[in-house]
Amino acid sequence: MLRLLGYFFGIGIVFALAAAAGVALYVGDLAKDLPDYEVLAKYEPPVTTRIHASDGALMAEFAHERRLYLPIQAIPDRVKAAFLSAEDKNFYSHPGIDAVGLIRAVITNAQNFGSGRRPVGASTITQQVAKNFLLTSDQTIARKIKEMILAFRIEQAYSKDRILELYLNEIFFGLGAYGIAGAALTYYDKAVEDLTVAEVAYLAALPKGPSNYHPFRNTERAIERRDWVIDQMRANGYITAQEAAEAKASDLNVKPRPRGNYLAAAEYFTEEVRRDIIARYGEDALYEGGLYVRTTLDPKLQLIARATLRKGLMSYDRLRGYRGPVKQIDLAGDWGEALGNVEALGDVPEWRLAVVLEASGNDVRVGLQPRREVSGALSEERETGTIETDGIGWVLRHVVDGKRLKANALDDVLKPGDVIYVERKAEDSDVWTVQQVPEIGGALVAMDPHTGRVLAMAGGFSYAASEFNRATQAYRQPGSSFKPIIYAAALDNGYTPASVIMDGPITIQIGNEIWQPKNYSGEFGGPSTLRTGIERSRNLMTVRLAQDMGMDLVAEYAERFGIYDDMAEHIAMSLGSGETTVMRMVTAYAIMANGGKHIQPSLVDRIQDRYGKTVFKHDTRECTGCTAEKWEGQPEAELVDNREQVLDPMTAYQITSMMEGVVQRGTATTIAELGRPIAGKTGTTNDEKDAWFIGYTPDLVVGVFMGYDQPRPMGKGSTGSGLAAPIFKDFMAEALKDMRPVEFQIPEGMQLVAIDRKTGMRAREGAPGVIMEAFKPGTGPADSYWVIGMESAQASTGGSNISPEANRAITTGAGGLF
């Protein structure tokens, strides 16, 4: 009997050894194809790129996976405790595999065999790192064995803290969040160090199955799982019984962090920065590179820019009347639900969508679009109000089939079921005013002329309504706002502000066509100085000046200033008929404002990679001596400016002085009410399709444009001085209200000479009609009266609308005294 038992025992030993050998061979075979765990040393997960304003305020985040990488030293002990309690309480004591937990899982799975339940895992944190980083999520024995082998190897190669750091930064939490820092922001809009016990416990509950414990769809299960984690933290000694009880008594209190833009009014600016980053480094760098981008945006100026542009666009739009509802909805049933499905403008928070419920005469009752709860569900509350009857004249001037009609009462215009925009008249009031998204487009750009830093940019009324950025993407004719470039070119090439040009009729042969340009007023002023030509925006003088200089010189300067890349040398281009952008025009004026230095416009000050290394800096000027640690009698630090001199500094002052005249005496006198030195120029194109004003102080350049996206006439009198200049004025009044006026600096060596404003000849200082004009060294008022373009004026005269004084000057002959 003993011999028989020994025989069977021997056979058992042989089979056991054979089985062990087979397992060893199988495991050895699996181990041959294991991925290289050393890649963990070079771990660079996709990280969120963050865009900040110049004051550090967060503007936007861009990421495929919303993750912010945190080193283990920056993760609070409370957070670590929650995850260790939820996932692997023996993490700091096991060698990569928890044998006790593994046996427990085997027993549980054996008991559940055939029940259809998902097998229970026993993966340690180290095993999860191996699976998440190096393997697939297949539910197979082979994958599990590979996971265990890798866990042993990882434990031998890395410290426990490093493994936990990898885990906490990699795991998925749901709602697009990856890593503990991203989860804290996504679910609670908090930094990890600010999380409560209840909050860290809920986040620790999520990796097991984010969708299973969704805070809104599966609230009860989420709380149950969170409470289990709290109990584990208590059992493991990480929190007290009182802390556990308080945490379990609280709600989830999840407040999802909004996506997209976080800084009010900066949507156009942010999108332009996004495109810039992609153009520089590609999409992967933006959405996965974890860049830190410090922009040039001034949040205060940005709010002013949007507010003033909106005011100007709405003012123009209201004069054209009410165009009808956003849409019509059926009032049968719950009007709140139907209205809630209409998408509202998310970037005009003071406006609400409303539906007309009843209308009788001027008595109109509306229902307001219900608010959305944190969960995204519509509120069940139904709010109503009435429409303000004061100031409804623009609504009564409603447009039907392109024709403007005058209604007698609001019920002729507003019908039940009409969805409209409204704005609360006063806080806590149930009276609302009708609003309308303007059809007209526009843009405003504010820039630091010394650096090219874009301080504010509004690309339209609403980014939510139209993402088209009219500041950078709309190519429009600048009209007369282009004239300062021509006059600057002239001043840089021998002309003076007192040079006299004929403002009279001119006929130009262009191929088989005859071109007869006219002044906006249709009148002529006769011989006039360059200063008068730009102050009064005389088209005919500008054409003659361009002819006299040559269009090749005009094109050279237009390209120097960055207005065009390759300007066509056609004479009509002298009146701003070529297309360009607001950003380019503002940059050109900034060159004149800063004394002629070339600048590169930029929306970005600095870009740093995920490790803090600076990879881009806009200001490339060098500062000699700035790195000295202490004063040892060395010369003062000096900021070296090696930028190209595009325009002579004296020329820059002359054209600035002439554009000050535009504000003081010319086409933009409304700006003079600001009571500070400002230079600028209006611009209006043919048929009033585009209206411009670009102006500057010594330290701020602002350009404003208005026009329909599909160019069409805006109406007689819709000029740069009437539409764009008031927006500029409102912006400057608010932006500069706390700053003292600063004079434009006269370059050393310039001479101020008293001249007659009409003739340009030397005059007695203080006499009527006499101004102080700036001349470069070696130049001054002419000794004799010479009129540029007299011959062409004589050839073109013939019964035109010209003053007797100008007519005498024309018929006297070229070079004759006036």
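No experiment lies behind these values; they were computed from the predicted model shown. Sequence order as written defines residue numbering, which begins from 1 separately in each chain. Thresholds applied to this predicted model are a pLDDT of at least 70 for local features of residues and 80 or more for the giving and counting of side-chain atom pairs; totals over whole chains, interfaces and linings are not thresholded and use all residues. Excluded from the side-chain calculation are hydrogens and water; included are all heavy atoms of the structure.

Visitor: Got a minute to help me understand the packing of aromatic side chains in this structure?
Guide: The geometry of an aromatic ring pair is captured by two quantities: the separation of the ring centres and the angle between the planes. The criterion for an aromatic pair is that two Phe, Tyr or Trp rings (for Trp, the six-membered ring) have centres within 6.5 Å, with stacked assigned to planes under 30 degrees apart, edge-to-face to planes over 60 apart and tilted to the rest. One pass over the full model with this rule turns up 17 aromatic pairs. On the basis of an interplanar angle of 90° and a centroid distance of 6.2 Å, the ring pair of Phe62 and Tyr287 is categorised as edge-to-face. With Phe62 in strand β2 (residues 58-62) and Tyr287 in helix α12 (residues 283-288), this residue pair connects regions lying 225 residues apart in the sequence. No difference in accessibility class separates Phe62 from Tyr287, as the two residues are buried. Ring plane angle 40° and centroid distance 5.4 Å describe the contact between Trp351 and Phe461, whose orientation is recorded as tilted. Within this pair, whereas Trp351 is found in strand β7 (residues 351-360), its partner Phe461 is found in the loop between β15 (454-458) and α16 (483-491), the two being separated by 110 residues in sequence. An aromatic cluster is built from Phe83, Tyr167 and Phe173, whose rings are joined through pairwise contacts. Distance and angle both matter: a charge sits over a ring if NZ of Lys or CZ of Arg is within 6 Å of the ring centre and within 35 degrees of the ring normal. Positioned above the aromatic ring of Phe91 is the side chain of Lys160, whose terminal nitrogen or guanidinium carbon lies 4.6 Å from the ring centre. The aromatic ring of Tyr557 is capped on one face by Arg560, whose charged end is 4.2 Å from the ring centroid. By definition, any uninterrupted DSSP run of H or I lasting at least four residues is a helix, any uninterrupted run of E lasting at least two residues is a strand, and each is numbered from the N terminus. Throughout, exposure labels follow a simple rule: accessible area from a 1.4 Å probe, protein chains only, divided by the maximum for the residue type, with under 20% read as buried, over 50% as exposed, and the rest as partly exposed.

Visitor: Looking at this structure, I do not really get the packing of helix α2 (residues 77-87) against helix α9 (residues 219-235). What am I missing?
Guide: To describe two helices that pack against each other, one gives the angle between their axes and the distance between the axes. Throughout, an axis means a line fitted to C-alpha atoms (over the contacting stretch in the case of helices), and angles, computed between N-to-C directions, take values from 0 to 180 degrees. Remark: α2 packs on α9, axes separated minimally by 9 Å, with the N-to-C direction vectors making an angle of 105°. As judged from the angle between their axes, α2 and α9 are roughly perpendicular. Listed contacts from α9 to Arg78, Ala81, Ala82, Ser85, Ala86 and Glu87 of α2 are Arg225, Trp228, Val229, Gln232 and Met233. Partitioned by chemical class, the residues of the contact of α2 with α9 number six nonpolar, two polar and three charged. Roughly parallel means an angle under 35 degrees; roughly antiparallel means over 145; roughly perpendicular covers 65 to 115; every other angle is labelled oblique. The contact criterion used is simple: two residues touch if any of their non-hydrogen atoms lie within 4.5 Å. Gly is put with the polar residues, along with every residue not named as nonpolar or charged; the nonpolar set is Ala, Val, Leu, Ile, Met, Phe, Trp, Tyr, Cys and Pro, and the charged set is Asp, Glu, Lys and Arg.

Visitor: Is there a simple way to explain the pairing of strand β25 (residues 691-697) in this structure?
Guide: Two faces belong to every sheet, and in a regular strand the side chains alternate between them. Here β25 lies mainly inside the structure; seven of its seven residues are buried. Burial along β25 is two-sided: Ala691, Phe693, Gly695 and Thr697 and Trp692, Ile694 and Tyr696, pointing in opposite directions, are all buried. Between any two strands, at least two bridges found by DSSP are needed for them to pair. Pairing of β25 with strand β26 (residues 700-707) involves seven bridges; the strand directions are antiparallel. Within β26, the residue paired with Phe693 across the bridge is Val704. Connecting the antiparallel pair β25 and β26 is a turn made up of two residues.

Visitor: Just to check I follow, could you spell out the environment of Ala590 for this structure?
Guide: Looking at the secondary structure, you find Ala590 in helix α20 (residues 582-593). Given a relative accessible area of 0%, Ala590 falls into the buried group. In sequence terms Ala590 and Thr451 are 139 residues apart; their C-alpha atoms lie 9.0 Å from each other. For Ala590, the contacting residues outside a window of four places in its chain are Met447, Pro449, Ile599 and Val701.

Visitor: Before we go on, may I ask you to explain α2 in this structure?
Guide: An α-helical turn contains 3.6 residues, so a residue and the one three or four places further along point in the same direction. Buried residues dominate α2, accounting for nine of its 11 residues. Taken together, the buried positions of α2 are occupied by Val79, Lys80, Ala81, Ala82, Phe83, Leu84, Ser85, Ala86 and Glu87. The inward-facing, buried residues of α2 contact α4 (125-134), α6 (160-170), β3 (172-174), α7 (179-188), α8 (197-205) and α9.

Visitor: How should I be thinking about the side chain of Thr685 in this particular structure?
Guide: If you trace the backbone, Thr685 turns up in the loop between β24 (679-684) and β25. Polar contacts here mean pairs of N or O atoms no more than 3.5 Å apart (in protein, one a potential hydrogen donor and the other a potential acceptor; neighbouring residues in sequence count only if both atoms are side-chain atoms). Among the polar contacts made by the side chain of Thr685, one reaches the side chain of Asp690 at a distance of 2.8 Å. Those residues within four positions of Thr685 in sequence are excluded, and the remaining contacts are Gln477, Pro478, Gly479 and Asp690.

Visitor: For this particular structure, what's the right way to read empty space enclosed by the protein?
Guide: In this approach the atoms are scanned with a rolling probe the size of a water molecule, which exposes any empty space left behind. Lining residues are those with an atom within 4 Å of a point, where the points come from a 1 Å grid over the protein atoms alone and group into cavities, where a 1.4 Å probe fits but cannot get out, or pockets, open sets with protein on both sides within 12 Å along at least five of seven lines. Grid points are joined across faces, edges and corners, and a volume is the space filled by probe spheres set on the points. Under the counting rule described, the total for this entry stands at three cavities of 30 Å³ or more. Volume-wise, the largest cavity comes out at about 50 Å³. The leading source of residues in the lining of the largest cavity is α7, at three residues. For the lining of the largest cavity, the residue count by class is two nonpolar, three polar and four charged. Along its surface, the second largest cavity is lined by Ala265, Glu267, Tyr268, Gln302, Arg306, Arg310, Asp347, Ala458, Gly460, Phe461, Ser462 and Tyr463. At the level of elements, α11 (267-281) and α13 (299-319) are the ones that each hand at least two residues to the lining of the second largest cavity. Of the residues forming the lining of the second largest cavity, the biggest block, three residues, is contributed by α13. Across the lining of the second largest cavity, the residue classes tally to five nonpolar, three polar and four charged.

Visitor: What's the story with the sheet that holds strand β16 (residues 500-503) in this structure? I'm lost.
Guide: Strand pairs in the sheet, formed through backbone hydrogen bonds, run parallel or antiparallel to each other. Strand order across the open sheet formed by three strands is β19-β16-β29, with mixed pairing between neighbours. Of all the strands in the sheet, the pair left with one neighbour each is β19 (526-529) and β29 (787-788). Summarising the sheet, β16 and β19 pair through four bridges and their orientation is antiparallel. Looking across to β19, one finds that Val500 is bridged to Thr529. Sheet strands in contact with helix α18 (residues 539-549) are β16, β19 and β29, and its direction is about 125° off that of β16.

Visitor: Teacher, can you tell me more about the confidence of the model for the protein chain here?
Guide: The predicted coordinates should not be examined in detail at positions where pLDDT is low. Along the chain, pLDDT gives the predictor's confidence residue by residue, from 0 to 100. With 88% of its residues at a pLDDT of 70 or more, the protein chain shows a mean pLDDT of 88. Counted against residues more than four places away or in other chains, residues 797-818, with its pLDDT under 50, gives 37 contacts.

Visitor: Mind showing me how you'd approach the sheet that holds strand β1 (residues 49-52) here?
Guide: The strand order across the open sheet formed by five strands is β2-β1-β5-β20-β21, and the pairing between neighbours is mixed. Edge strands, defined here as strands with exactly one partner in the open sheet, are β2 and β21 (614-617). Taken over all neighbouring pairs, the strand axes of this sheet differ in orientation by 15° on average, direction set aside. In this structure, strand β5 (residues 292-295) lies alongside strand β20 (residues 604-608), joined through four bridges in antiparallel fashion. Bridge pairing in β20 places Arg294 opposite Arg606.

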